Amino acid sequence: MIRPEHVMSHDNTGPIINKFKSIGATKIQNPNQPVFALDHDVQNKSSKNLAKYAAIEVFARQHGVDFYPAGRGIGHQILVEEGYAFPHCLTVASDSHSNMYGGVGCVGTPIVRTDGAALWATGKTWWQVPRMIKVELVGRLPSGVTGKDVIVALCGTFNRDEVLNAAIEFVGDGVATLSIDERLAIANMTTEWGALAGVFPVDKTLMDWYDGVISKLETRTFNLPSSVSIPPPPEHPRINRRRLRQILKSPITPDPDAEYSAHLLLDLSTLVPHVSGPNGVKVSTPLPLLEKQRIPIQKAYLVSCTNSRASDIACAAAVMKGKYVAPGVEFYVAAASSAVQAEAERSGDWGTLIGSGAKVLPAGCGPCIGLGMGLLQEGETGISATNRNYKGRMGHPNAQAYLASPAVVAASAINGFISGPISLEKNELPPYDGLRSSYSSTSPNPSAEASESVDPLVPGFPATFSGPLVFTPQDNLNTDGIYPGKYTYQDDITLEQQAQVVMENYDPRFASTIAKLLPVPPSSSLTVEQHKLGAVLVAGYNFGTGSSREQAATALKSAGVPIVLAGSFGDIFKRNAINNGLVCMECPELVADLTKLYAKGEKRGQGGINGELTINPNWNISISMADGKVSAKTPEEERVYAVKPPSMNPIDNPNEDTEFNDILRKHGILPAREEAPPSPPPPPPPTLSDVMKDKSPEELTTLAEDAADSEDERLIEAYRRQRLQEMKVHIRTSRFGEVKPIGRDDYSREVTEASKTDEPDAEEKGLGMGVVVFLYKEGDPPCIQLAS
């Protein structure tokens, strides 16, 4: 289990609130842990959306949670600006681009909505520790090449699951040459690359950057004459010199002999500007090669948490100064935050973009998520400085989207086609086909291995999943393809409605294809409890890559797909699948056979032989959960494959009261927990009479001294619990030598002597821990207790 420093949620805070209440939670375990930042649908001024935003703010105020309203900026940028993402911390977000925090030496990784509710209630959640990959950056970027080009090139060059579901550690002498904004852009898009985290080192470059940030914070006050003496302004609660000194005092660095599952090297000096797409981040092309094609564009975007910081805006402004957006092109600009926009306005860069014809959008996600104005229409082509260009994400599914650096986006907006800026000295760039890189793996890819071991099933878990097979011959089938972004923040869409639009951006006919195969006739050989029926979806590699939207899993399950087989899965999709009872298993051999038999050109990515995107080969498939055996009955023969059964850890004991088990019980995968018999009550502590019984006066004296000086909290507490029932006499510790049984006649004398101490109220106060109390009962020896 992990206990993150902070957990951020945005427009999806509303559904998380509903989940939080549905599990019976009423109080946030640590109100300092969550952060709410409204940033996705900020252009939506409908009464329905405004009411949702208002409800989120009310909830934040009721629970004392930090809240940032619509217009303040994109949540990830806010977390960096406000220090929620900070070096040597773990901060998560219910959004896939929390990887961005790695740019400031903070481990950022995504969670999903169900995890968010559990974190609010308990302060912690589950996390499967990923494999570690070392990405070594050497050399220095040529002039005109940026951090965005680095990550676009990495995504396109190493596009075969090399870093899938891994944590990346950036090292090498090239790291020091990258600005913090460039590191943030690279870390941000490690999500698209397939990694769970991408972390840069905490080095001098970062410390100098924070020193500059703090200096700005310290000067946010009126300039007063030097003769006026005023206290210094209060320090920022999270970004302050005290925290920086602690980091410098206790640096965290890899062990010299640290082992990694893989080592990847990229020579920055051999890189040229790159462009990603169309409609996929795993395809990138050197700009010099793409520029020759003069691909016309209709829209350009400088928005998102990836490349809309002050330095990015300044770069675009430098390209556009004195020029104007080409006829027939719309250029949209939105700052990453209100603070960024204010800085760009002060520098004049914001005015330069507006003067060149840019259309301003509020600080927020907007077109990047496919919400608001300026979306791509059918048949249009756009180029964007965002992080995703999946089919249909930024508008119509039949539009084309490319990704590039802010300078290339600005130049393309001016020229009307994909191109670089005039300032880019192409003759001084290295050869576009001379990129120097390497990859070596020290351990086999676990996703490619099958297992012959037989794991015991959790009681109540179906023994077999079976039904008709459908095949989507596509790698990197992303969450935008599975569940379109335009529905993601419509919180009132039912599961039945989700089923109707599932896979809409990938194949509009997918839902109807599945519906025609249902219901699956039951098998007479197995009971309903043993046998889970439904369509079995088989897909390519990295299935479910992309965003954290939970509906990608719930829509498939609601459509009648209880299990997905694929070559590999994006981890964030698997989190949603586990949390919502959708089974995911890897079966590369089955994927390979289906590709060879039914995919166009025996390759995934072009549909079926006849161009169909969802293939029904008339196979009936059965998957054993005990041993991972896959039996496929085809029209010609029966085929057998093997997969590794899904890991059920941490369900070692289905009766354990864990968050993970509770999720599986909620969705019927685990039976209700068997209540353990109540534990017997603990024995009562010994009474003072028991302690003092048969003790001589000398032993009583010793015991009194030991009790008064004892550091044994158990002994002291045992004495404290026994309350005095009869007369009590308070005696200072200096009189221990006079301890003796006393009778009622001595009571007045002892009280009188106690009142003569140097503490006049000794009788009332009881003299605390340093006083021995005698309790006399007729027929019993005296009892000793520390006064309370």
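All figures in this text were calculated on a predicted structure; none of them were measured in a lab.

1. A few points about the overall build of the chain
Line of reasoning, step 1. When helices and strands are tallied, the chain shows 27 helices and 28 strands.
Line of reasoning, step 2. Summarising the internal contacts of the chain: among those between residues at least 6 apart in sequence, 74% fall at separations of at least 24.
Line of reasoning, step 3. In the form shown here, the chain has an accessible surface area of approximately 34500 Å², with 52% of it arising from carbon and sulfur atoms.

2. Regarding the packing of aromatic side chains
Line of reasoning, step 1. Applying the stated criterion to the full structure yields 17 aromatic pairs.
Line of reasoning, step 2. When the centroid spacing of 5.6 Å and the interplanar angle of 65° are considered together, the rings of F20 and W120 count as edge-to-face. Here F20 is found in helix α1 (residues 13-22), whereas its partner W120 is found in helix α4 (residues 113-122), with 100 residues between them in sequence. For the pair F20 and W120, a shared accessibility class is recorded, and that class is buried.
Line of reasoning, step 3. Measuring from centroid to centroid gives 5.9 Å for Y301 and Y332, while their planes differ by 15°, and the two rings are stacked. Separated by 31 residues along the polypeptide, Y301 in strand β12 (residues 299-302) and Y332 in strand β13 (residues 330-333) bring together distant segments of the chain. There is no split in this pair, since Y301 and Y332 are both buried.
Line of reasoning, step 4. For R238, the ring lying beneath its charged end belongs to Y84, and the centroid distance is 3.9 Å.

3. Quick notes on the pattern of salt bridges
Line of reasoning, step 1. Counted by the stated rule, this structure contains 28 salt bridges.
Line of reasoning, step 2. Here R436 ties to D267 by a salt bridge, and the two come within 3.1 Å at their closest N and O atoms. A residue pair is termed long-range when its members are at least 10 positions apart, and R436 in the loop between α14 (406-415) and β17 (437-441) and D267 in strand β9 (residues 262-267) qualify at 169 residues.
Line of reasoning, step 3. On the basis of relative accessibility, which here comes to 43%, the residue R436 falls in the partly exposed class.
Line of reasoning, step 4. By relative accessible area, D267 is classed as buried at 10%.
Line of reasoning, step 5. Ionic pairing is found between E330 and K359, a salt bridge with its closest N-O pair at 3.9 Å.

4. Regarding the side chain of S568
Line of reasoning, step 1. Secondary-structure assignment places S568 in the loop between β21 (563-566) and α20 (571-579).
Line of reasoning, step 2. Only 2.6 Å separates the side chain of S568 from the side chain of D161, close enough to count as a polar contact.
Line of reasoning, step 3. Here the side chain of S568 touches N542 through a polar contact of 2.8 Å, landing on its backbone nitrogen.
Line of reasoning, step 4. In this structure S568 touches D161, L164, G540, Y541, N542, F543 and E586, once residues within four positions along its chain are discounted.

5. Details of the sheet that holds strand β3 (residues 66-68)
Line of reasoning, step 1. Pairing within the open sheet is parallel, and its five strands lie in the order β3-β2-β1-β4-β5. Taken across any chain shown, the strands that pair with only one partner, and hence form the sheet edges, are β3 and β5 (107-110). Geometrically, the sheet is characterised by an average inter-axis angle of 20° between neighbouring strands, direction not taken into account.
Line of reasoning, step 2. Across three bridges, strand β2 (residues 34-37) lies against β3 in parallel orientation. Of the residues in β3, the one forming a bridge with F36 is F67.

6. Some remarks on the pairing of strand β6 (residues 132-138)
Line of reasoning, step 1. Two strands pair when backbone bridges link them, and β6 and strand β7 (residues 167-171) are joined in this way by five bridges, in the parallel orientation. Looking at the pairing, V135 lines up with F170 of β7.
Line of reasoning, step 2. On the question of chirality, the crossover connecting β6 to the parallel β7 by way of helix α5 (residues 147-157) is right-handed.
Line of reasoning, step 3. Bridging between β6 and β9 involves six bridges; their strand directions are parallel. Looking across to β9, one finds that V138 is bridged to D267.

7. Focus on empty space enclosed by the protein
Line of reasoning, step 1. Overall, the coordinates contain three cavities of 30 Å³ or more when judged by the stated rule.
Line of reasoning, step 2. Quantified by volume, the largest cavity comes out at close to 210 Å³.
Line of reasoning, step 3. Taken together, 23 residues form the lining of the largest cavity, with H40, D95, H97, I369 and R393 sitting closest to its centre.
Line of reasoning, step 4. Looking at the lining of the largest cavity residue by residue, the classes come out as six nonpolar, twelve polar and five charged.
Line of reasoning, step 5. Taken as a whole, the second largest cavity encloses approximately 120 Å³ of empty space.
Line of reasoning, step 6. Surrounding the second largest cavity, 15 residues form its lining, T191, G194, A195, D571 and I572 being those nearest its centre.
Line of reasoning, step 7. Here the residues of the lining of the second largest cavity sort into four nonpolar, ten polar and one charged.

8. Section: the pairing of β12
Line of reasoning, step 1. Residues K299 and Y301 point to one face of β12 and A300 and L302 to the other, with burial holding for every one of them.
Line of reasoning, step 2. Pairing of β12 with β13, which is carried by four bridges, proceeds in the parallel orientation. The residue of β13 that forms the bridge with A300 is F331.
Line of reasoning, step 3. At this point the chain moves from β12, through helix α11 (residues 310-320), to the parallel β13, and the crossover so formed is right-handed.
Line of reasoning, step 4. Pairing geometry for β12 and strand β15 (residues 381-384), over three bridges, is parallel. Paired with A300 across the bridge in β15 is I383.

9. Overview of the confidence of the model for the chain
Line of reasoning, step 1. In this model, the chain carries an average pLDDT of 85, and 78% of its residues clear a pLDDT of 70 or more.
Line of reasoning, step 2. Under a pLDDT of 50 for its full length, residues 445-451 has, in the predicted model, ten contacts with residues more than four places off or in other chains.

10. Points about the state of the cysteines
Line of reasoning, step 1. By the definition in use, this model includes zero disulfides.
Line of reasoning, step 2. A disulfide-free cysteine, C368 has its sulfur positioned 6.5 Å from the sulfur of C365, the nearest such atom.

11. Some thoughts on the sheet that holds β7
Line of reasoning, step 1. Within the open sheet, the five strands sit side by side as β8-β7-β6-β9-β17. Their pairing is mixed. Among the strands making up the open sheet, the edge pair consists of β8 (197-199) and β17. Looking at each pair of strands side by side, their axes are set apart by 15° on average, direction ignored.

Rules used in this analysis
- Residues numbered from 1 in each chain as written.
- Predicted model: local features only at pLDDT ≥ 70, side-chain atom pairs only at ≥ 80, totals over all residues.
- Heavy atoms only, no water.
- Helix = DSSP H or I, 4+ residues; strand = E, 2+ residues; numbered from the N terminus.
- Contact = heavy atoms within 4.5 Å.
- Areas by Shrake-Rupley, 256 points an atom, 1.4 Å probe, with all protein chains shown as cover.
- Phe/Tyr/Trp six-rings, centres within 6.5 Å; stacked < 30°, edge-to-face > 60°.
- Buried < 20%, exposed > 50% of the residue type's maximum accessible area, 1.4 Å probe, protein only.
- Lys NZ or Arg CZ within 6 Å of the ring centre and 35° of its normal.
- Salt bridge = Lys/Arg side-chain N within 4 Å of Asp/Glu carboxyl O.
- Polar contact = N/O pair within 3.5 Å; in protein donor to acceptor, adjacent residues only side chain to side chain.
- Pairing = 2+ DSSP bridges.
- Axes fitted to C-alpha atoms, helices over the stretch in contact; angles between N-to-C directions.
- Right-handed = clockwise from strand over helix to strand, strands pointing away.
- 1 Å grid on protein atoms, 1.4 Å probe; cavity = no way out; pocket = protein on both sides within 12 Å on 5 of 7 lines; lining within 4 Å.
- Points joined across faces, edges and corners; volume = space filled by probe spheres on them.
- Nonpolar A, V, L, I, M, F, W, Y, C, P; charged D, E, K, R; others polar.
- pLDDT = per-residue confidence, 0-100.
- Disulfide = S-S within 2.5 Å.

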